[in-house]
Amino acid sequence: TTKIAYTIETGRRRPYEICAVTFTNRAAKEMRDRVAALLPDIDTTSIVLRTFHSLGATLLRRFGSSIGLSSDFTIYDDDDSLQLLLAAAGDRDGEGNAQKKKYLREVLKNISKAKDLGMGPDDVGLSSITDDPNFRTLFRSYEEALFKTGNVDFADLIKKAKELLERDNNAREYCHRRFKLVMVDEYQDSNREQFNFLRLFVGDNTQLVVVGDDDQSIYSFRGAEVENILTFSKSFGNVREIKLEKNYRSTDEILAPAAALIRHNSARHDKDIVSAD
């Protein structure tokens, strides 16, 4: 938020040219409130400050017709998806018993994992997600049923937005032309499809700034890939790395043993965290 305020105050970028994304609605609201407080005399409403999924939904509503989506599509929640999968699996009434619902909820979790990895029902890599012999068939039936409704589920907001930017030159050029500064918070929590989306979303003349800490990557069970931050300098050209090594939350008595433990991890950026006290 400080960088956004500085960039606008110094005239480097207009609010309209800035996009900042994070992972929760609460964090996005907090960032928007902070930016507004830092720039009380400037209209900051044109800054695109959203979650990854909200940004994907916005792009799909504006340009989604090029990949077969109407602008008024509905975003299915877990219960909507379960009812759809029940019907696709042959339960036309959508009632199902408790055991069947429990099983299909696990199937839906794995479908979401597959989509976060950019996979569809025909990908050979599905075996890395589950050894369920029925999974591929259920995944395919679910996707066909979802397509017929004209709607999307939560994971589609990134997967289909990435597909949109791959296929639609107008949508991709719009993003590249409009956004001159793109910022990502908590980048260590990004998954593979969010990384793929980001690579398409930023243009050659876009300044991309990500903030994250590989030592705080704890969401691999949700699909987060710490490799995204570890390989950032290889994935994007002309990278400058700035280490923020001053800790404002803990004393050196806490930081020293924590650092001694985490230093044994092989896949991490080396850093020397010190207390601000």
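Before reading further, recall that the structure is shown in the block above.
Rules behind the numbers
- Residues numbered from 1 in each chain as written.
- Predicted model: local features only at pLDDT ≥ 70, side-chain atom pairs only at ≥ 80, totals over all residues.
- Heavy atoms only, no water.
- Helix = DSSP H or I, 4+ residues; strand = E, 2+ residues; numbered from the N terminus.
- Buried < 20%, exposed > 50% of the residue type's maximum accessible area, 1.4 Å probe, protein only.
- Contact = heavy atoms within 4.5 Å.
- Pairing = 2+ DSSP bridges.
- Right-handed = clockwise from strand over helix to strand, strands pointing away.

Asks: It is not clear to me how the side chain of Glu17 should be interpreted in this structure. Could you clarify?
Replies: As for its placement among the helices and strands, Glu17 is situated in the loop between α1 (2–9) and β1 (18–22). For Glu17, a relative accessible area of 12% translates into the label buried. When neighbours within four sequence positions are excluded, Glu17 is seen to be in contact with Arg178, Phe179, Lys180 and Leu181.

Asks: Honestly, the pairing of strand β6 (residues 207–210) in this entry has me stumped. Any pointers?
Replies: Residues in a regular strand point their side chains to alternate faces of the sheet. Of the strand pairs in this sheet, strand β5 (residues 181–184) and β6 are connected by 4 bridges, and their pairing is parallel. By the bridge assignment, Val184 is partnered in β6 with Val210. Handedness of the β5-helix α9 (residues 192–201)-β6 crossover: right-handed.

Asks: It is not clear to me how the pairing of β1 should be interpreted in this structure. Could you clarify?
Replies: Counting buried positions over the 5 residues of β1 gives 5, a clear majority of the element. The side-chain alternation of β1 yields two buried faces, one formed by Ile18, Ala20 and Thr22 and the other by Cys19 and Val21. By the bridge criterion, 4 bridges tie β1 to β5 in an arrangement that is parallel. Of the residues in β5, the one forming a bridge with Ile18 is Leu181. Bridge analysis of β1 against strand β2 (residues 48–51) gives 4 bridges, and the strand direction is parallel. Note that in β2 the partner of Thr22 across the bridge is Thr51. Taken together, β1, helix α2 (residues 25–38) and β2 form a β-α-β motif whose crossover is right-handed.

Asks: What is the right way to read the environment of Ala28 from this model?
Replies: Inspection of the secondary structure puts Ala28 in helix α2. When the C-alpha atoms of Ala28 and Ile75 are compared, they prove to be 19 Å apart, with 47 residues separating the residues in sequence.

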